[in-house]
Structure formats: structure tokens, C-alpha cells
2 protein chains.
Amino acid sequence: MPNNKLGKQTLAFRTRPEVLGTGSVVGVKEGQGPLGKSFDIVLEEDMFGEKTWEGAESKMLSESMRIAMKKAGKTADQVDAILSGDLLNQLMSSTYSVKEFSVPFLGMYGACSTMTEAIILGSVLVDGSYFDTVIAAASSHYSTAERQFRMPLEHGNQRPPSAQWTSTASGSLVIGRSKNPHFCCTYATIGKIVDTGMTDANQMGAAMAPAALDTVYRHLLDTGREWNYYDRILTGDLGHIGKQILIDMAKNLGIDLSPAYDDCGVLIYEKDQDVHSGGSGCGCSASVFAGPIWKSMMEGSISKVLLVSTGALLSTTSAQQGGSIPGIAHAVSVEAVY
Amino acid sequence: MPNNKLGKQTLAFRTRPEVLGTGSVVGVKEGQGPLGKSFDIVLEEDMFGEKTWEGAESKMLSESMRIAMKKAGKTADQVDAILSGDLLNQLMSSTYSVKEFSVPFLGMYGACSTMTEAIILGSVLVDGSYFDTVIAAASSHYSTAERQFRMPLEHGNQRPPSAQWTSTASGSLVIGRSKNPHFCCTYATIGKIVDTGMTDANQMGAAMAPAALDTVYRHLLDTGREWNYYDRILTGDLGHIGKQILIDMAKNLGIDLSPAYDDCGVLIYEKDQDVHSGGSGCGCSASVFAGPIWKSMMEGSISKVLLVSTGALLSTTSAQQGGSIPGIAHAVSVEAVY
């Protein structure tokens, strides 16, 4: 058995677990953004024909799984496990999505870092020959998250300029094997919790940026790669403020991330879409990777991506009790293999 | 690379990831139960010197990790990852526990099935040589869960006889390698979501029993083992009602589980402790396995255990919207290796 641990926090996937297909489903606002044309489905209305916002989010998630399976040429009974998570209390979006398929289920939670956590553990299951084919997925919905974490929508509360907008979005990846592997998960770095003592739930980008830097820096140390190895380094979702903080902090370490670096929460909306500091939510980095980034990879314009989903670990209870907002980030490199 | 998938849903851990140490911390009521003397720490009061119940739960969880590391002869900087979960919204007990250690973190959620999910994915990371040493952990606290899922404690609401009592308990396992492996994780079966349409949140045992049976039956099919291979088959936590349902359903399949079978929610309290149908909560099966069951294994009275933690996948939102309560169960066999 080869040693698959690289450095301190990085896993090496030596058998090349491959991304066989992706699916992305986003809401109306996300469809109107600059990436709108690159998602598989843009909803005509955010209820998606369901009776509740929660029902709509579950349906978006299962729909993104169906699309990913279809593109991968797999049926649900060929999928060995689904690893999925979301922002709802007790992961109800994932639960109600996955129960439509008769597939073993592993629930993941890392706030907005959930998608990379799912991709990493899914890749481990395939790379280690435990399973042949898995799905990694995540979702979020503005209207389910807003009323759970903040206020009923009807309340119409004001949002400070630093606040981020929970994306109505879901993304799924089918990870498995083919005879001619194309884009594979090669390395993953599992992040530590970084707590800078931030307590402002409207400053999540600032709470997460140090964790993102910690994970990216550790990834580069562990793999021996330079930051400019990657065509794209994508955090998700620091938003405009957190992105700038990360760029500034990296500069202090002598790294000029900016040419290759961007943030999914920045990319998904136009500035004039009234989303303040940009997008957030598990579904944001999941859908941006599964949609537009994957499309760019398939078209050949980029071939080496480091996806660094970032999570702000808070709950309404921890916020009400004055607790800090620890951040976390996990990184996975998805790249062309020839 | 050998194929580590066995049958349809089962993983084989061929390199024998070993349980190097365990830690269990329980509350006052759990200490007064029949297993009270077998836990590492029994609290003198359930606030554990903290200002909030949530703070107490986090402290119990990190304390159980410290005990497990001490028994395993490991320090936190020798631990490559912590896989942990709990019942609190957004896993805040785990977040605040793990942030005390500077160790990569993977958040798990499967309701009361969380402990086996963490043990399984932790064993995968060690077995696949991705990491050397990991911690799998889970916790619950009566007073944090009650006010989050049901009513403020001050409300003093009545509980129907079918209700279960969320255990104030935490359990941790250090999984790694030693030169002379003793008790190892050998096989794991990842469960499917089973939804029988139950909607009564005071009947969780009945909601979970079909999922437990599905996973145990699949485990036996995939491994080719008979149910009586195991000294103990332990669900956690079906309670008195769910346990009987599982025994009856198994009988219909021609399996007389009863000699080896018991339920952690049944074992943890005496009937006269006013807990109605027995214990529940992520911490129940975690602490019963990490405490009394592990003690029996170390003393040599049992050597082959199938731990089947079971989860009722509901939230207050799904309950208020009239949603069903899907169940799930994951199984892991921990056994003496000579």
C-alpha cells in the first residue's frame, strides 16, 4: 500500500478518480448573472413548482444529480454512494433529495465548504477502490437560508454592504472511472478551523479568508507546487471583501495570487445585481464549478483548477450567544490528465 | 490496488485500521444508569462549569477526544484529522470542540447515525493510507437538543410514552495503527435512506428500525456472515419500541437477532429513570461504544461487535411542514484481530 499522505494535510489520489459528469441548477437571479448561460438549468421561478422553498431546494439538488448522472452515462443503481450537504438545519435538502434515489448516503457539513468536503471524501472512496462511482453534491437557496439564518423574507430587513447573498444554486459531480481518464481529482488538502474571533455574521468573507489562505498555503507546501501551477484558484465564497483580504494576506507572504485567483461568490453575480459583497452558500461554489468552470475545462480553455470552498461555521444559536465565527476551507485540485 | 468493495454497500478494510483508544463523557442521568461506572467521566452537573448548555456539550466532546488521545498515546499534533458531528444546527458542538485543537476537520451529519459515519470514513482514511491517525467523534446533550428540536426546558412539556430521551453524552475513538493490532475496524456497510412515511417525531424508533434492518441485512449479505458471527449487534438508538420492531421484522426474514442484539438507547438507562422509550442522540451510541462496550472488549468478554448507529433525518422545519421522517443506519464491525 503506497503512502497517500503528502506533507501534513494533503491526500494524493494516485489512481486518478475522474469527474465523469457534472450537473448545475440555479435560480432566476443567478441565471441573470454573468455566468447564467453556463449552467445546465436556470429556473423560471425559484419555487421550481414546489409548495415550499425547502421543497424547491431539494428538487434543484436532485435535478443536478440527475443531470450529472446522465452526462456521466450512469443510472442511480450504478452509483455506490451520494455524499451531499447543504445549509439547512439537519441537512434536510440533501435528505429529501437523496431519498428519491435508492443509494447509500453520507451527510456532509462544512457550511459553504461542503462541496469540496464531498468531492474529497468521494474521491477517497473511489481512489481507495472502496466504491466505483459516487456523487458529490451541495445546494443552497436564498429563500430557505434567509428565513432560517436571518429574518422572514416578508420582514424586508436591510443588509449591510458587507453582507453576502445566499445563492439559489446546486451542483453535483459524478466521480468514478473511465478507460480514458480526462479530468481527475489529483490532490486534496483538508483544512483546519481558523478562528480570528470575528463575531459579525454580515462579515463572513473576512471570517473565512484566513482559513482559505491557510489551506491554499498548506496545499502549495504539501504538494511542492507554485501558486501559478494552476490556471484557476477558486475560493467559494469569500465575496468581494473576503477576496481582497485573501489577496492582501497572500501578498504579505510574497504570493501574488491575483492573475489566477478568483472567488465563486464574486463571479456569480454582476455588481449591479444588488448582492452587496457577492454570493455565498454551499450551492455557489458547487454550481460555479459544476457549470461554468467545468464548461471551460471541457472546452479546453483551462485545465488545472484548485477549488477551495470556504465555510463560515456559525449557527443562529452561536451568533445569539455572542460566539465567534470560525472559518474553514478545503481544497481539491481537478486537472487534465494525459 | 485490491478491490475493497464487498457486495453492494460494504467496504472491506484490509489493512486493519485499529481502534487505539476511546473516550466517553456522560451527564448526571447517564451516570446514574446501569452503565454509569463504565464511562470515563460522569459529570457532576450537566453545565460542566460552562455558561451555556451548548458550551457544556462542546466541552464534553473535546474532553472525550482528549481522553481517547491520551489512551492512544497520541497528542493532537499527531492526529491528522477529526471527523465529528452532533445534533446542533450547523454542527456547532463539533466546531467549537475541534477548534481547540489545530487539526484538520471534516464535519459529519447523519443524525444519531453520525458516530458510525465518522468511524467508517475515518477508517477509510487510515485504511487507504491517506492519513495515519484520525479521531471519530460525536456528541449530544439533552438540554441543547430539547430546546432546539422541541420546547424550552422551562416549558415543562409532556412527553408521550414513545418519545426518547436525548442522552447527554459524547464518545470519541482514535483510529490508527500499532505494531500489534488488537481491535480493528474490518468492514463497514453504508446505509440507504429508508422512508416509511412516518411523521411522528415522538416515534423515532419506529422511523429508524426499517433502515437498521435494511443495513444489517445488507451487511450480512455482502460479507457472507451469519448474524450470530457477532458477539454483539448494537443499534443506536431505536429505544424500546424500535428495538422490538427490529426484532419482529428480522424474525419475518427468518433471523432471530435477539441473543446477540441490543440497542444503545435501551442499555444506557434503567426503565425507572423516566426516559420513556429510552435514549437517543448522537452521543448515545458513541458513548456506549466508547465506554462500556469498549471496556468489555478490552476485558475479553466480547470480541466481535457490529455497531449500527441509526439516524432519524428530520428538522423542526421538515416536521412543521408535515414532512416524513426518513431513517438511515450505517454499520461498522469492530473485532479482535489475532
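Residues numbered from 1 in each chain as written. Chains lettered and ligands numbered in written order. Predicted model: local features only at pLDDT ≥ 70, side-chain atom pairs only at ≥ 80, totals over all residues.

On to the overall build of chain A. The helix and strand tally for chain A stands at 10 helices and 15 strands. Against the globule reference of 20 Å for 338 residues, chain A gives a C-alpha radius of gyration of 18 Å, in line with a compact fold. Over its C-alpha atoms, taken along the principal directions, chain A stretches across nearly 55 × 50 × 35 Å. By residue count, 64% of the 338 residues in chain A fall in the buried class. Excluding contacts between residues fewer than 6 apart, the proportion of contacts in chain A whose partners are at least 24 apart in sequence is 79%. (Helix = DSSP H or I, 4+ residues; strand = E, 2+ residues; numbered from the N terminus. Rg over C-alpha atoms; globule rule 2.2 N^0.38 Å. Buried ≥ 20, exposed ≤ 12 C-beta atoms within 10 Å, placed from the backbone. Contact = placed C-beta atoms within 7 Å.)

This part covers the pairing of strand β5 (residues 81-86) of chain B. Residue and element names in this part refer to chain B. Along β5, 6 of the 6 residues are buried, which leaves the element largely enclosed by surrounding structure. Burial of the side chains of β5 extends over both faces: Ala81, Leu83 and Gly85 are buried on one face and Ile82, Ser84 and Asp86 on the other. Here β5 pairs with strand β7 (residues 134-140) via 6 bridges, running parallel. Within β7, the residue paired with Leu83 across the bridge is Ala136. Bridge analysis of β5 against strand β6 (residues 105-107) gives 3 bridges, and the strand direction is parallel. (Pairing = 2+ DSSP bridges.)

A few words now on the interface of chain B and chain A. Facing the 52 residues of chain B at the interface are 52 residues of chain A. Of all the secondary structure elements, the ones that give two or more residues to the side of chain B that touches chain A are α3 (92-98), β6, α4 (114-127) and α10 (316-320) of chain B. With 4 residues, the top contributor of residues to the side of chain B that touches chain A is α4 of chain B. Among the residues making up the side of chain B that touches chain A, the classes are represented as 26 nonpolar, 19 polar and 7 charged. (Nonpolar A, V, L, I, M, F, W, Y, C, P; charged D, E, K, R; others polar.)

Moving on to unusual backbone geometry. Residues and elements named next belong to chain A. Cis peptide bonds are those with omega within 30 degrees of zero, and the linkage from Gly236 to Asp237 qualifies with 15°. Here Asp237 lies in the loop between β11 (232-236) and α7 (239-252). Phi at Asp274 is positive, roughly 60°, even though this residue is not glycine. Its place among the elements puts Asp274 in the loop between α8 (264-267) and β13 (279-280).

With an RMSD of 0.0 Å, the operation that places chain B on chain A is a rotation of 180° combined with a shift of 0.0 Å along the axis. The operation mapping one copy onto its partner corresponds to a two-fold rotation axis. Comparing interface residues between copies, 100% of those in chain B also lie at the interface in chain A; the contact surface is shared. (Least-squares fit on C-alpha atoms with pLDDT ≥ 70 in both.)

Moving on, we come to the packing of helix α6 (residues 204-223) of chain A against α7 of chain A. Residue and element names in this part refer to chain A. Between α6 and α7, the least distance of the axes is 8 Å, while the angle of their chain directions is 35°. Crossing of α6 against α7: the hand is right-handed. Between α6, through Gly205, Ala206, Met208, Ala209, Pro210, Ala212 and Leu213, and α7, the contact on the second element is made entirely by Gly239, Ile241, Gly242, Ile245, Leu246, Met249 and Ala250. Counted by class, the contact of α6 with α7 contains 11 nonpolar, 3 polar and no charged residues. (Axes fitted to C-alpha atoms, helices over the stretch in contact; angles between N-to-C directions. Left-handed = near helix turned anticlockwise from the far one by under 90°.)

Let's shift gears to helix α2 (residues 53-72) of chain A. Taking 1.5 Å as the rise per residue, α2 of chain A with 20 residues should run 28 Å; its terminal C-alpha atoms sit 29 Å apart, in good agreement. Where α2 of chain A terminates, the next one or two residues include Gly73 of chain A, which has phi positive at roughly 70°. (Expected span 1.5 Å × (residues − 1).)

Okay, the domain arrangement of chain A next. Many authors give the size of an interface as the accessible area that is lost as the parts come together. Residue and element names in this part refer to chain A. Domain boundaries in chain A define domain 1 (18-176) and domain 2 (183-336). Between the C-alpha centres of domain 1 and domain 2 there is a distance of 18 Å. Contacts between the two partners involve 51 residues from domain 1 and, on the opposite side, 53 residues from domain 2. Of all the elements in the fold, those that place two or more residues in the side of domain 1 that touches domain 2 are β3 (18-26), α1 (28-31), β5 (81-86), α4 (114-127), β7 (134-140), α5 (142-150), β8 (165-166) and β9 (169-176). The element contributing the most residues to the side of domain 1 that touches domain 2 is α4, with 7 residues. Split by residue class, the side of domain 1 that touches domain 2 holds 22 nonpolar, 22 polar and 7 charged. (Domains from an automatic or database assignment.)

This paragraph deals with the environment of Ile120 of chain A. Residue and element names in this part refer to chain A. Among the structural elements, Ile120 can be located in helix α4. Along the sequence, Ile120 and Ala188 sit 68 residues apart, while their C-alpha atoms lie 6.3 Å from each other. Here Ile120 is in contact with Ala188, Ile190, His330 and Val332, once residues within four sequence places are set aside.

Moving on, we come to the environment of Ala286 of chain A. All names here are of chain A. Turning to its location among the elements, Ala286 is positioned in helix α9 (residues 282-299). When the 39 C-beta atoms within 10 Å are taken as the criterion, Ala286 is described as buried. Among residues more than four places away in sequence, those in contact with Ala286 are Met115, Ala137, Ala138, Ser139, Ala169, Ser170 and Gly171.

Residues and elements named next belong to chain B. The buried count for strand β10 (residues 183-189) comes to 7 of 7 residues, which makes it a mostly enclosed element. Note that strand β2 (residues 10-12) and β10 share 3 bridges and pair antiparallel. Looking across to β10, one finds that Leu11 is bridged to Ala188. Pairing geometry for β10 and strand β15 (residues 327-336), over 6 bridges, is antiparallel. Residue Phe183 lies in a different strand from β15, and its bridge partner there is Ala336.

The next thing to look at is the environment of Phe105 of chain A. Checked against the element boundaries, Phe105 of chain A lands in strand β6 (residues 105-107). On a C-alpha basis, the gap between Phe105 of chain A and Ala81 of chain A in space is 5.6 Å, while along the polypeptide they are 24 residues apart. Leaving out residues up to four positions away in the same chain, Phe105 of chain A has contacts with Ile82 and Val98 of chain A together with Lys192, Ile193 and Ile328 of chain B.

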